[in-house]
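Here are the chains, one letter per residue:
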2 protein chains.
Amino acid sequence: MREPDGVRTGPASQQGMRRANLALVLGVIARAPRSRAEVAAETGLTRAAVSSLAEELITGGLVVEEGPATPSGKVGRPGTALGLNPRGPGGLGAEIGVEHLGACAVDLRGEVRAWRRQEIRNRGRTPAAVLADLAELLRRAVAEAGLRPAGLALAVPGLVGSSGGVLQRAANLDWRDVPLAAELRLALRAAGSEDLAELPIEADNEANLGGLAELWLGGGSDHFLHVSAEAGVGAAIVIGGRLLRGARGYAGELGHVPVRPDGPRCVCGAHGCLEQYAGETAVLRAAGLEGIRGDWVALLAERAEAGDAEVREALAGAGAALGIAVSGAVNLLDPAEVVLGGGYAQLAPWLLPAMRAELAARVTVRPWSDDRLTVSRLGRRGPLLGAAVGVVRAIVVDPGRLAGG
Amino acid sequence: MREPDGVRTGPASQQGMRRANLALVLGVIARAPRSRAEVAAETGLTRAAVSSLAEELITGGLVVEEGPATPSGKVGRPGTALGLNPRGPGGLGAEIGVEHLGACAVDLRGEVRAWRRQEIRNRGRTPAAVLADLAELLRRAVAEAGLRPAGLALAVPGLVGSSGGVLQRAANLDWRDVPLAAELRLALRAAGSEDLAELPIEADNEANLGGLAELWLGGGSDHFLHVSAEAGVGAAIVIGGRLLRGARGYAGELGHVPVRPDGPRCVCGAHGCLEQYAGETAVLRAAGLEGIRGDWVALLAERAEAGDAEVREALAGAGAALGIAVSGAVNLLDPAEVVLGGGYAQLAPWLLPAMRAELAARVTVRPWSDDRLTVSRLGRRGPLLGAAVGVVRAIVVDPGRLAGG
């Protein structure tokens, strides 16, 4: 109620105002094509101001005239509708998984124009070898999409922190301190993709990007905890439409929240972490499938579907552990929703009952209901979608950076 | 890296610009008295703009000329320093504890001008009886301070949520759904304090206000988890200088994070909540002091100081439980610091060793060091200070509301 809404550090200026209004106009157009008059009505800006701002956005290649706007019942000719330019700058996403690589290109509207996935066991390979394959996959995705990316974002199964480009630790790949952005640039250059090598490149944790994809393309809430599994267990905390990154970029390590303080020793050195109950290795072990290779999520889903009691019990155990850890997070964070994403989305039918029971028993000091625990419809596509869409979102949110405003 | 910095919902305007610049100027003056020239240099605004904005702040009673500014080695007469007006609008804080009432008045600079505390057992009394006493305490505090409050904020040991004025549940007072703001207004009126009854009144959870006090008056970090104990165990999560309130205002319920999922049953209905290990009742029971009345924190501190082994062991047990719950929170939130506040600050010497050991063992996937767990110097004064200072902070952050900007 009382705390400051961020202390200003610079003066409000005419230039800053124009840049803010450029973003305001593009934001309205991004939601749906609009005539200049409609933009003026929605933003509160004058017609003249909207025309001038729209001109700048058109010149910058971000907006196109799409032909007559839908007549709105008013007298006179309908205005021309302005829409995001599908041939404008796009976003390029890449993903390094333990068992796969991915590449995705989206246009300025966030529509997927190319989607490539390659199953390949990356555990134990060197970053250079993996990035060479990834560079080739990216080259093909861009060629297929036929657009000019404005940036490249890379989803990785490990800690990136606030460095933006250095993977500090990826236990499941056995990588440490890899300057991913720089090495991917080299790999792109070696693959002859000079244009892609020139792009801004950022890396981010897959759970963060999965959470952002849920925010941008998912259920519509802007205040949620997104819980996902790939090789490890991760979470993204979204508050008021923003991802909580933490003081040094390490927020969301739900996998290492203690579930049973005296439980089994985790790879992280602590005891009884959530990953020891709901991570890939733990669930496979509980299901009697230790050491199985390939897509563990698909395998478990298939067996549970077929009625395999041991698998179902293993998933119920994982669900209970998830419920305990998530109850703590709900008591701490008060999210509007908890979203089960990544691999967990596919396993949800067998995780949810136990998870719901724990939440109902443990979230009692404030209202809670079962329907606040939902399943992501993006599932395992989340991180790669989040990577690619993030690039174009950044343009829409602050077009002044590109359009020279 | 990529998520939007909040989508604008209205046009940037000349009026909005002036209001923002008014806040910018007052923010600089609030940090330390400054000449107009210094304000211009720090803000990037022109001298003329600063003069006009300063005039508005002076007319509004928020700023005064304090005589010559410190000469800064430059040629020419030093300018007159502008400072916050100590006779400008003030802030009034009130506190309802289980065993006490408090009232505090601060001036616009946040300096305490009156501080009153009354030991009284409120458990089991009606809200009306308690508020009548509080109204009298407030009347005396304002008379002593000799200032004109701009608002009143009330710290309570319970859930307020985003209602702002209704106490939904205070287990330790056995109150439910009390429209505190409205009832305090009635009590003030009945006590003859018509002027105070006219003020904006808000209520907030004591742990939230304690955390805000730490942000404004404490160690200087703007990214921390503040853990405190009064009757219950509470936490405030501060991220980038803002209190995380959650989707419905219930964030920070660290006391109900599960520590041992099969542990003792909590008053909330769940099992093994942190409060069952580190709350007042649990610690007193572990120390063999169950049922003792009066100031439990002071009593435990005194006995631990005197070398009472049972008390020391009880506090070490509480520290370990705090360490387990806080490890989970650190893994989830990645705060720059964890601050032990409220009653825990006074008990810190006996809580810290076990707490540090748990954190070291359980926060391993990212850098962590003992010195990131600190002790608040505000201790139990936090919530009441936070209530009063919050009122004047709101003015400094957006003076346009008062000064008509």
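Residues numbered from 1 in each chain as written. Chains lettered and ligands numbered in written order. Predicted model: local features only at pLDDT ≥ 70, side-chain atom pairs only at ≥ 80, totals over all residues. Heavy atoms only, no water.

- You'll find chain A entered in an unreviewed UniProt entry as ROK family protein, with Streptomyces kaniharaensis given as the organism.

**Points about the overall build of chain A**
(1) Moving on: Looking only at helices and strands, chain A has 14 helices and 15 strands in total.
(2) Moving on: Taken over the C-alpha trace, chain A has a radius of gyration of 23 Å; the compact-globule value for 405 residues is 22 Å, and the two agree within 12%.
(3) Moving on: With the principal axes as the frame, chain A shows a C-alpha extent of 70 × 55 × 45 Å.
(4) Moving on: Across the 405 residues that make up chain A, the buried fraction comes to 59%.
(5) Moving on: Sequence separation of 24 or more characterises 61% of the internal contacts of chain A that already satisfy a separation of 6 or more. (Helix = DSSP H or I, 4+ residues; strand = E, 2+ residues; numbered from the N terminus. Rg over C-alpha atoms; globule rule 2.2 N^0.38 Å. Buried < 20%, exposed > 50% of the residue type's maximum accessible area, 1.4 Å probe, protein only. Contact = heavy atoms within 4.5 Å.)

**A look at the interface of chain B and chain A**
(1) Moving on: Opposite the 77 residues of chain B that make contact, chain A presents 77 residues.
(2) Moving on: Counting each side, the surface lost to burial between chain B and chain A is near 6700 Å², with a carbon and sulfur contribution of 60%.
(3) Moving on: Scanning the region where chain B abuts chain A turns up two salt bridges.
(4) Moving on: Put simply, Asp262 of chain A and Arg260 of chain B hold a salt bridge, and the shortest N to O gap is 2.7 Å.
(5) Moving on: Between chain B and chain A we count 26 residue pairs in polar contact (both at pLDDT 80 or more) in total.
(6) Moving on: Looking at the side of chain B that touches chain A, the elements with two or more residues in it are helix H1 (14-31), strand S10 (201-205), helix H7 (206-217), strand S12 (233-239), strand S13 (242-243), helix H11 (309-333), helix H12 (343-362) and helix H13 (382-397) of chain B.
(7) Moving on: Per-element accounting of the side of chain B that touches chain A gives the leading share, six residues, to H11 of chain B.
(8) Moving on: Among the residues forming the side of chain B that touches chain A, the class breakdown is 40 nonpolar, 19 polar and 18 charged. (Buried area = accessible area lost by both parts, 1.4 Å probe. Salt bridge = Lys/Arg side-chain N within 4 Å of Asp/Glu carboxyl O. Polar contact = N/O pair within 3.5 Å; in protein donor to acceptor, adjacent residues only side chain to side chain. Nonpolar A, V, L, I, M, F, W, Y, C, P; charged D, E, K, R; others polar.)

**Focus: the sheet that holds strand S7 (residues 149-156) of chain B**
All names here are of chain B.
(1) Moving on: The five strands lie next to each other as S6-S5-S4-S7-S10, forming an open sheet whose pairing is mixed. Edge strands, defined here as strands with exactly one partner in the open sheet, are strand S6 (112-119) and S10. If you compare each strand with its neighbour and ignore which way they point, the axes differ by 15 degrees on average. (Pairing = 2+ DSSP bridges. Axes fitted to C-alpha atoms, helices over the stretch in contact; angles between N-to-C directions.)

**Quick word on the nonpolar core**
(1) Moving on: Membership of the largest hydrophobic core comes to 100 residues, with the highest contact counts inside it found for Leu300 and Leu333 of chain A together with Leu300 and Leu333 of chain B.
(2) Moving on: Among all residues touching Leu300 of chain A, those that are not within four sequence positions of it are Val283, Leu284, Ala287, Leu289, Val311, Leu315 and Leu347 of chain A. (Core = buried A, V, L, I, M, F, W, Y, C linked by side-chain atoms within 4.5 Å.)

**Re the domain arrangement of chain A**
By a frequent convention, interface size equals the accessible area lost on bringing the separate parts together.
(1) Moving on: Structurally, chain A comprises domain 1 (14-84), domain 2 (90-208 + 384-403) and domain 3 (219-377).
(2) Moving on: For domain 1 of chain A and domain 3 of chain A, the distance between their C-alpha centroids amounts to 43 Å. (Domains from an automatic or database assignment.)

**Section: the pairing of strand S9 (residues 175-178) of chain A**
The side chains of a regular strand alternate between the sheet's two faces.
(1) Moving on: Two elements, strand S8 (residues 167-170) of chain A and S9 of chain A, share three bridges in a ladder whose sense is antiparallel. Considered in S9 of chain A, the bridge of Ala170 of chain A is made with Trp175 of chain A.

**Re the pairing of strand S14 (residues 337-342) of chain A**
Residues and elements named next belong to chain A.
(1) Moving on: Most of S14 is tucked away: five of the six residues are buried.
(2) Moving on: Judged from the six bridges that link them, strand S11 (residues 224-229) and S14 form a sheet pairing that is parallel. Opposite Ala229, over in S14, you have Gly342 as the bridge partner.
(3) Moving on: In terms of strand pairing, S14 meets strand S15 (residues 373-375) through three bridges, oriented parallel. Bridging across to S15, Val339 finds its partner in Thr374.
(4) Moving on: Between the parallel elements S14 and S15, the chain passes through helix H12 (residues 343-362) in a crossover that is right-handed. (Right-handed = clockwise from strand over helix to strand, strands pointing away.)

**Details of the relation of the copies chain B and chain A**
Mapping between the two chain copies consists of a rotation about an axis together with a translation along that axis.
(1) Moving on: Placing chain B over chain A gives an RMSD of 0.0 Å and needs a rotation angle of 180 degrees, together with 0.0 Å of translation along the axis. Accordingly, the operation relating the two chain copies is best matched by a two-fold axis. If distances are taken from each C-alpha of chain B to the rotation axis, the shortest is found for Arg260 of chain B, at 3.0 Å. (Least-squares fit on C-alpha atoms with pLDDT ≥ 70 in both.)

**As for the pattern of salt bridges**
Residues and elements named next belong to chain A.
(1) Moving on: Using the criterion set out here, one finds 44 salt bridges over all chains in the structure.
(2) Moving on: In this structure, the salt-bridge partner of Glu65 is Arg36, at a minimum N-O distance of 3.1 Å. Of this pair, Glu65 sits in strand S2 (residues 63-68) while Arg36 sits in helix H2 (residues 36-43), placing them 29 residues apart in sequence.
(3) Moving on: By relative accessible area, Glu65 is classed as partly exposed at 44%.

**Examining unusual backbone geometry**
(1) Moving on: Residues other than glycine seldom take positive phi values, yet Asp334 of chain A does so here, at roughly 50 degrees.
(2) Moving on: By the secondary structure assignment, Asp334 of chain A is in the loop between helix H11 (309-333) and S14.
(3) Moving on: Residue Asp177 of chain B is not a glycine yet carries a positive backbone phi of 50 degrees.
(4) Moving on: Within the fold, Asp177 of chain B resides in strand S9 (residues 175-178).
(5) Moving on: Asp177 of chain B sits in the exposed class, given a relative accessible area of 53%.

**A short note on the packing of H11 of chain A against H12 of chain A**
Residues and elements named next belong to chain A.
(1) Moving on: The contact between H11 and H12 brings their axes to 7 Å, and the two run at 55 degrees. Taken together, the axes of H11 and H12 are oblique relative to one another. Relative to H12, the crossing made by H11 is right-handed.
(2) Moving on: Per-class residue counts for the contact of H11 with H12 are 15 nonpolar, four polar and three charged. (Parallel < 35°, antiparallel > 145°, perpendicular 65-115°, else oblique. Left-handed = near helix turned anticlockwise from the far one by under 90°.)

**A short note on the UniProt feature "domain: HTH marR-type" (unreviewed entry) in chain A**
(1) Moving on: Annotation from UniProt places "domain: HTH marR-type" (unreviewed entry) at residues 24-67 of chain A.
(2) Moving on: As annotated, residues 24-67 of chain A has a helix share of 66% and a strand share of 16%, and its two end C-alpha atoms lie 22 Å apart. (UniProt positions renumbered as here; feature names shortened; annotations may be inferred.)

**A closer look at the state of the cysteines**
By definition, a disulfide is the covalent link that joins the sulfur atoms of two cysteine residues.
(1) Moving on: Tallied over the entire structure, the rule returns zero disulfides over all chains.
(2) Moving on: Here Cys266 of chain B is not disulfide-linked; the sulfur of Cys268 of chain B is the nearest cysteine sulfur, at 3.8 Å. (Disulfide = S-S within 2.5 Å.)

**A closer look at the environment of Ala325 of chain B**
Residues and elements named next belong to chain B.
(1) Moving on: By secondary structure assignment, the location of Ala325 is in helix H11.
(2) Moving on: With 33 residues separating them along the chain, Ala325 and Glu358 place their C-alpha atoms 9.3 Å apart.
(3) Moving on: With residues up to four places along the chain from it excluded, the contact list for Ala325 reads Leu254, Val257, Val259 and Leu274.

**Concerning H11 of chain A**
(1) Moving on: An ideal rise of 1.5 Å per residue puts 36 Å on 25 residues; H11 of chain A measures up with 35 Å between its terminal C-alpha atoms.
(2) Moving on: A distance of 3.0 Å separates the backbone nitrogen of Glu310 of chain A from a side-chain oxygen at the start of H11 of chain A, and that oxygen is part of Asp308 of chain A. (Expected span 1.5 Å × (residues − 1).)

**Notes on the sheet that holds S13 of chain B**
All names here are of chain B.
(1) Moving on: Across the sheet, five strands lie side by side as S13-S12-S11-S14-S15; this open sheet has mixed pairing. Unpaired on one side and paired on the other, S13 and strand S15 (373-375) mark the two borders of the sheet.
(2) Moving on: Strands in contact with H11 are strand S11 (224-229), S12 and strand S14 (337-342); relative to S11, the strand with the most contacts, it is inclined by about 155 degrees.

**Quick notes on the environment of Gln346 of chain B**
Residues and elements named next belong to chain B.
(1) Moving on: You can see Gln346 is positioned in helix H12.
(2) Moving on: In sequence terms Gln346 and Gly165 are 181 residues apart; their C-alpha atoms lie 30 Å from each other.
(3) Moving on: Non-local contacts of Gln346, meaning those with residues more than four positions away in its chain, are made with Val297, Ala298, Ala301 and Arg380.

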